[in-house]
Amino acid sequence: MGVDFNCRDIYYNNRVYDVLVNLTPGVRWNMGRRWEIAAQLYVPVINQYGDKYKYVRFRVASVSKQLAVGNRWKMKFSGGIFTAESYGIDMKNMFVIKPWLALTAQIGLTGYMSMGHKWEASPMTKVTFAAGPEFYLSRWNTQFSLRGGRYLFNDYGAEAEAFRHFKHVSVGVFASYSDRWKENAGFKVVVMIPPYKRVRRRVNFRPANDFRFKYNFEATSYGNRGYVTDPEENEREGWFDNDLIPWGTNLMERDFKYIRKK
């Protein structure tokens, strides 16, 4: 269970801010052999954004499979409903070249899907992709990445990020360019949510893993827009399981320590 908080200061309705707050209950089922089913809902609690946001709807509903090829290449295949009102299939890759250098690539075939005010969907014909290098300086737990590709709103662009990872917290800055929405920049903060010691049973109830905040200097949110396939995907933990060819932050001390009980 988590909470999704949104606010905007457009000021055309006699309010300084519009606020949208959703509860985000979810479920994840680890089926073994790195197969996983995940689903998450938006449950509106406060809605000043309009009719499109007043209904209970899926944020994510996906099935995924992770695998490693040798000791350098890891992959993740996903299908289902993704964020950014998208659905389709997705493939993520990381190829480890050196302890400090890796190449990442993501490609997806998606369509538009909205379950808000009314059901709307488009054919699954949109191809998006992004690829580039990642650098990790283990001595300082600092990570740099550069990616370029084609994004959800048919724009082409590139984004550079720099992250400093601390215990349970990651802080980063980014700069991006889109051929349709031009320059943007900002910062990101990822905070892992306690308790950090957890009991692992057959069925577990817990809070969301992380709190993620992103600030854009530009008001538009369309440039370099992507989607995520996992309800708790974030820049600190990456795309893959920690023990699937560990690299980068996977080599840090784990945020969550589990005690197994029947």
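The structure we're discussing is the one just above.
First things first, this report covers the structure right here in the doc. Position numbers for residues count from 1 along each chain, tracking the sequence in the order it is written. For a predicted model such as this one, the threshold for reporting local features is a pLDDT of at least 70, and the threshold for listing and counting side-chain atom pairs is 80 or more; totals across whole chains, interfaces and linings nevertheless cover every residue. Side-chain metrics in this entry use all non-hydrogen atoms of the structure; hydrogen atoms and water are not considered.

**Looking at the pattern of salt bridges**
Then step 1. For this document, the term salt bridge refers to a Lys or Arg side-chain nitrogen within 4 Å of an Asp or Glu carboxyl oxygen. One pass over the structure, following the stated rule, counts 18 salt bridges.
Then step 2. In this structure, the salt-bridge partner of Lys-188 is Glu-161, at a minimum N-O distance of 2.3 Å. With Lys-188 in strand E14 (residues 182-192) and Glu-161 in strand E12 (residues 156-166), the pair connects residues that are 27 residues apart, well separated along the chain. Residue Lys-188 shares its accessibility class with Glu-161, and that shared class is buried.
Then step 3. Salt-bridge contacts for Arg-206 lead to Glu-232; the nearest nitrogen and oxygen are separated by 2.9 Å. Taken together, the positions of Arg-206 in the loop between strand E15 (197-200) and strand E16 (210-216) and Glu-232 in the loop between E16 and strand E17 (257-260) put the pair 26 residues apart, joining distant regions of the chain.
Then step 4. The exposure class of Glu-232 is buried, given its relative accessible area of 13%. Helix numbers and strand numbers start at the N terminus; a helix is a DSSP run of H or I with at least 4 residues, a strand a run of E with at least 2. When a residue's accessible area, from a 1.4 Å probe over protein chains only, is under 20% of the maximum for its type it is buried; when over 50% it is exposed; and in between it is partly exposed.

**Observations regarding the nonpolar core**
As a rule of thumb, nonpolar side chains are buried together in soluble globular proteins.
Then step 1. Only buried residues count toward a nonpolar core. Its members are Ala, Val, Leu, Ile, Met, Phe, Trp, Tyr and Cys residues joined through side-chain atoms within 4.5 Å. Counting residues in hydrophobic clusters, the biggest one holds 10 residues: Met-94, Val-96, Ala-102, Tyr-136, Trp-239, Phe-240, Leu-244, Ile-245, Trp-247 and Met-252.
Then step 2. Look past the residues within four positions of Met-94 in its chain and what remains in contact with it is Arg-72, Trp-73, Lys-74, Ala-102, Leu-103, Thr-104, Glu-134, Phe-240 and Trp-247. Residue contacts are defined here by distance: any two heavy atoms, one from each residue, within 4.5 Å place the two residues in contact.

**Observations concerning the packing of aromatic side chains**
Then step 1. The criterion for an aromatic pair is that two Phe, Tyr or Trp rings (for Trp, the six-membered ring) have centres within 6.5 Å, with stacked assigned to planes under 30 degrees apart, edge-to-face to planes over 60 apart and tilted to the rest. All chains considered together, the criterion is met by 12 aromatic pairs.
Then step 2. Between Trp-181 and Tyr-222, the aromatic rings sit 5.8 Å apart at their centres with planes inclined by 35°, giving tilted as the arrangement. Pair noted here: Trp-181 is in the loop between strand E13 (169-178) and E14 and Tyr-222 is in the loop between E16 and E17, with a separation of 41 residues, a long-range link.
Then step 3. Taking relative accessible area as the criterion, Trp-181 reaches 25% and is therefore assigned partly exposed.
Then step 4. Note on Tyr-222: relative accessible area 40%, which makes it partly exposed.
Then step 5. Ring geometry for Trp-239 and Phe-240: centres 6.1 Å apart, planes at 70°, overall edge-to-face. The residues Trp-239 and Phe-240 share a single accessibility class, namely buried.

**Considerations on the environment of Tyr-136**
Then step 1. Note on placement: Tyr-136 falls in strand E10 (residues 126-137).
Then step 2. Residue Tyr-136 is classed as buried on the basis of its relative accessible area of 4%.
Then step 3. Through-space distance from the C-alpha of Tyr-136 to that of Trp-247 is 8.5 Å; in sequence the pair is 111 residues apart.
Then step 4. Apart from residues no more than four positions distant in its own chain, Tyr-136 is found in contact with Pro-99, Trp-100, Asn-141, Thr-142, Gln-143, His-165, Trp-247, Gly-248, Thr-249 and Met-252.
Then step 5. Looking at Tyr-136, its side chain comes within polar contact range of the side chain of Asn-141, at 2.9 Å. Two N or O atoms form a polar contact when they lie within 3.5 Å of each other; inside protein one atom must be a possible hydrogen donor and the other a possible acceptor, and for residues adjacent in sequence the pair counts only when both atoms belong to side chains.

**Quick notes on the environment of Ala-39**
Then step 1. When you line up the elements, Ala-39 lands in strand E4 (residues 35-47).
Then step 2. Placed 102 residues apart in sequence, Ala-39 and Asn-141 show a C-alpha to C-alpha distance of 32 Å.
Then step 3. With near-sequence residues (within four places) excluded, Ala-39 lies in contact with Pro-25, Gly-26, Val-27, Phe-58, Val-60 and Ala-61.

**A word on empty space enclosed by the protein**
Then step 1. In this analysis a 1.4 Å probe is tested at points of a 1 Å grid over the protein atoms alone, and where it fits but cannot get out there is a cavity; an open set with protein on both sides within 12 Å along at least five of seven lines is a pocket; lining residues have an atom within 4 Å of a point. Grid points are joined across faces, edges and corners, and a volume is the space filled by probe spheres set on the points. Counted according to the given criterion, the structure contains 1 cavity of 30 Å³ or more.
Then step 2. Its volume calculated, the largest cavity comes out at about 40 Å³.
Then step 3. In terms of lining, the largest cavity is formed by Glu-36, Ile-37, Ala-38, Ser-62, Ser-64, Lys-76, Ser-78, Thr-229, Asp-230 and Pro-231.
Then step 4. At the level of elements, E4, strand E5 (57-69) and strand E6 (73-82) are the ones that each hand at least two residues to the lining of the largest cavity.
Then step 5. With 3 residues, E4 is the largest single contributor of residues to the lining of the largest cavity.
Then step 6. Each residue is assigned to one class: nonpolar for Ala, Val, Leu, Ile, Met, Phe, Trp, Tyr, Cys and Pro, charged for Asp, Glu, Lys and Arg, and polar for all the others, Gly among them. The class makeup of the residues in the lining of the largest cavity is 3 nonpolar, 4 polar and 3 charged.

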